[in-house]
Amino acid sequence: MTQSPRRDTIAAIATAPGRGGVGVVRISGTGLAELGLTLAGKPLKPRHAHYADFRSSDGELIDQGLALFFPGPHSFTGEDVLELQGHGGPVVMQMLLRRCLELGARLAEPGEFTRRAFLNDKLDLAQAESVADLIDAGSEAAARSALRSLAGAFSGEIHTLVEQLINLRMLVEATLDFPEEDIDFLEAADARGKLASLHGQLQKVFGTARQGSLLREGMHVVLIGQPNVGKSSLMNALAGEDVAIVTDIAGTTRDTVRELIQLDGVPMHIIDTAGLRQTDDTVEQIGIARTWAAVEKADLALLLIDSREGITEHDRDILGRLPERLPRVHVFNKVDLTGEAVGHAEEDGHAVLRLSAKAGLGLDELKRTLLDMVGWGGTDAGVFLARERHLDAIRRAASHLETAALVWQQVELFAEELRLAQNALASITGEFSADDLLGEIFSRFCIGK
Ligand SMILES: Nc1nc2c(c(=O)[nH]1)N(C=O)[C@@H](CNc1ccc(C(=O)N[C@@H](CCC(=O)O)C(=O)O)cc1)CN2
Ligand SMILES: Nc1nc2c(ncn2[C@@H]2O[C@H](COP(=O)(O)OP(=O)(O)OP(=O)(O)O)[C@@H](O)[C@H]2O)c(=O)[nH]1
Ligand SMILES: [Mg+2]
């Protein structure tokens, strides 16, 4: 990273909006010892908690609280950081914040503290992203994984790969100077073996990162089928509450209904849809159009079928219209009426389940099948939280390595593919990152983070 420029002083309320026992105003910048002295009325010893009176410019008491001073570079942002821990009411916090602004700070933008930590090399980009993911974690599994990324587990894997890639590049680039011997030299140095090993390791990291991204993003599971087969009943059974209306009238669900559930700590967005049929009803037609729109965005489809009827001509039409890429499960519902056993089977290359949404039979098998199908390994042990952006970068790196393996005899092309693979990996930790990417990432943080 280049020499860090002096940045202006920023301030924000770091604690959640609303009322709380304690609230924190955080300030980052330069020359904060002086600001601390003015605000707290006494010199602040680095990294010590001082009980102090926070006063306004005319000496009026704003709050009595704790002041902490972290001189740069030994702070969260790497700059001087001052923390004012006051009573956690919105009015007190606003008054404290306003006092900081009066003393020369400006209001921080979303994510700006973490952005500065990144710019000052306190965190790399993957770690900075994991700060937001830790705060947003929707389950303990997601929180543990985000913390692993924050502690550097993911970045460490990427660094190891980049280092090996650099070694291979040095080997390949060295041969560029001796064009007559290049291929023999690369053979002797086992460049192809090294490339294959790198590719293998990359695939492994991808697998773990994909698990992590499952925990972050969740999967979109769409329930589809003819009217009355029990889609909304299954939605309610999975959600554990009556989120969708159920009646014995065909065409009950008109709009898509979404619910976020957690299976084993893995978030799943379940989407109930309007039953598919020919209809003259305008509202229902719009609902059916929305069903197909939900199918387009789904990661997995559950096609519900009434066990008493089996797969009908109409179901085959629906199956024929599903996008080829979309994994699907045939769910035969209402087995309580047919007396068939619940359970899971594999038929013609797709999963088949028999269950009863209404009687609550076979739901555990359904949950297990869903987790299997999205590729959940069953535990978050060793998983680090990752984002689609990271998966994309790993995919790009892998594809450059694959091309490299094909063109290795043309050493210049080989070298170029390796360089591109390295750039793709380095974008994960932010060693090559455009400003607009940083803007995109940090703007999604909350203010004060
Ligand atoms: N009050 C408070 N609690 C907080 C934070 C904070 O900023 N303030 N954090 C904000 O996210 C998290 C903790 N993260 C932190 C990371 C680094 C440093 C820090 O002072 N680092 C120095 C010194 C390290 C050391 O003493 O070992 C450094 O890196 O040089 C502080 C907090 C969660 N809890
Ligand atoms: N016996 C039995 N009845 C069920 C079962 N699942 C759903 N039903 C009944 O079937 C009827 C239709 O259920 P819904 O869940 O509304 O069906 P749907 O697929 O959402 O229907 P639309 O919204 O109209 O597309 C209701 O009377 C449910 O109680 C089941 O497993 N067993
Ligand atoms: Mg319904």
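Looking at an unreviewed UniProt entry, one finds the protein named tRNA modification GTPase MnmE, with Chitinimonas prasina as its source organism. The annotation that UniProt attaches to the protein under Subunit (unreviewed entry) is "Homodimer. Heterotetramer of two MnmE and two MnmG subunits."

Another point: the site of ligand 2. By nearness alone, 23 residues border ligand 2, and Lys-231, Ser-233, Gly-251, Thr-253 and Ser-356 come closest of all. Between ligand 2 and Lys-231 there is a distance of 2.8 Å, counted from an oxygen atom to a side-chain nitrogen or oxygen. Contact with the protein chains covers 92% of the free accessible surface of ligand 2, which is 650 Å². Those elements that provide at least two residues to the shell around ligand 2 are helix H9 (231-239) and helix H12 (335-338). Take the shell around ligand 2: its biggest share by element is three residues, from H9.

The next point concerns the environment of Arg-19. Within the fold, Arg-19 resides in the loop between strand S1 (10-13) and strand S2 (22-29). Separated by 301 residues in sequence, Arg-19 and Gly-320 place their C-alpha atoms 54 Å apart. Ignoring sequence-local partners within four residues, the contact set of Arg-19 consists of Gly-88 and Pro-90.

A few words on the coordination of the magnesium ion (ligand 3). Bound to the magnesium ion (ligand 3) on the protein side are Ser-232 (OG) and Thr-253 (OG1), at distances that span 2.0 to 2.1 Å. On the criterion of sequence distance, the pair formed by Ser-232 in helix H9 and Thr-253 in the loop between H9 and strand S8 (257-263) is long-range, its members being 21 residues apart. Here Ser-232 and Thr-253 have matching classes, each one buried.

Right, let's talk about the pairing of S8 for a bit. Of the strand pairs in this sheet, S8 and strand S9 (residues 266-272) are connected by seven bridges, and their pairing is antiparallel. Paired with Ile-261 across the bridge in S9 is Met-268. Taking the residues between adjacent antiparallel strands as the criterion, S8 and S9 are bridged by two residues, where Asp-264 takes a positive phi near 60°.

By the definition in use, this model includes 29 salt bridges. For Arg-144, the salt bridge identified is with Asp-380, shortest N-O distance 2.8 Å. Of this pair, Arg-144 sits in helix H5 (residues 140-150) while Asp-380 is found in the loop between helix H13 (363-373) and helix H14 (388-407), placing the two residues 236 residues apart along the sequence. In this structure Arg-144 comes out as partly exposed when scored by relative accessible area, which is 40%. Accessibility expressed as a relative area gives 9% for Asp-380, which makes it buried. In this structure, Arg-395 engages Asp-392 in a salt bridge whose closest nitrogen and oxygen atoms are separated by 3.7 Å. Here the residue Arg-395 and the residue Asp-392 both occupy positions in helix H14, the gap between them amounting to three residues, near one helical turn. A relative accessible area of 39% places Arg-395 in the partly exposed class. In this structure, a network of salt bridges that share partners links the residues Glu-129, Asp-133, Arg-216, Glu-217, Arg-387 and Arg-389.

Analysis parameters
- Residues numbered from 1 in each chain as written.
- Chains lettered and ligands numbered in written order.
- Predicted model: local features only at pLDDT ≥ 70, side-chain atom pairs only at ≥ 80, totals over all residues.
- Heavy atoms only, no water.
- UniProt positions renumbered as here; feature names shortened; annotations may be inferred.
- Near = heavy atom within 4 Å.
- Polar contact = N/O pair within 3.5 Å; in protein donor to acceptor, adjacent residues only side chain to side chain.
- Areas by Shrake-Rupley, 256 points an atom, 1.4 Å probe, with all protein chains shown as cover.
- Helix = DSSP H or I, 4+ residues; strand = E, 2+ residues; numbered from the N terminus.
- Contact = heavy atoms within 4.5 Å.
- Donors = N, O, S within 2.8 Å, 3.2 Å for Na, K, Ca; no water.
- Buried < 20%, exposed > 50% of the residue type's maximum accessible area, 1.4 Å probe, protein only.
- Pairing = 2+ DSSP bridges.
- Salt bridge = Lys/Arg side-chain N within 4 Å of Asp/Glu carboxyl O.

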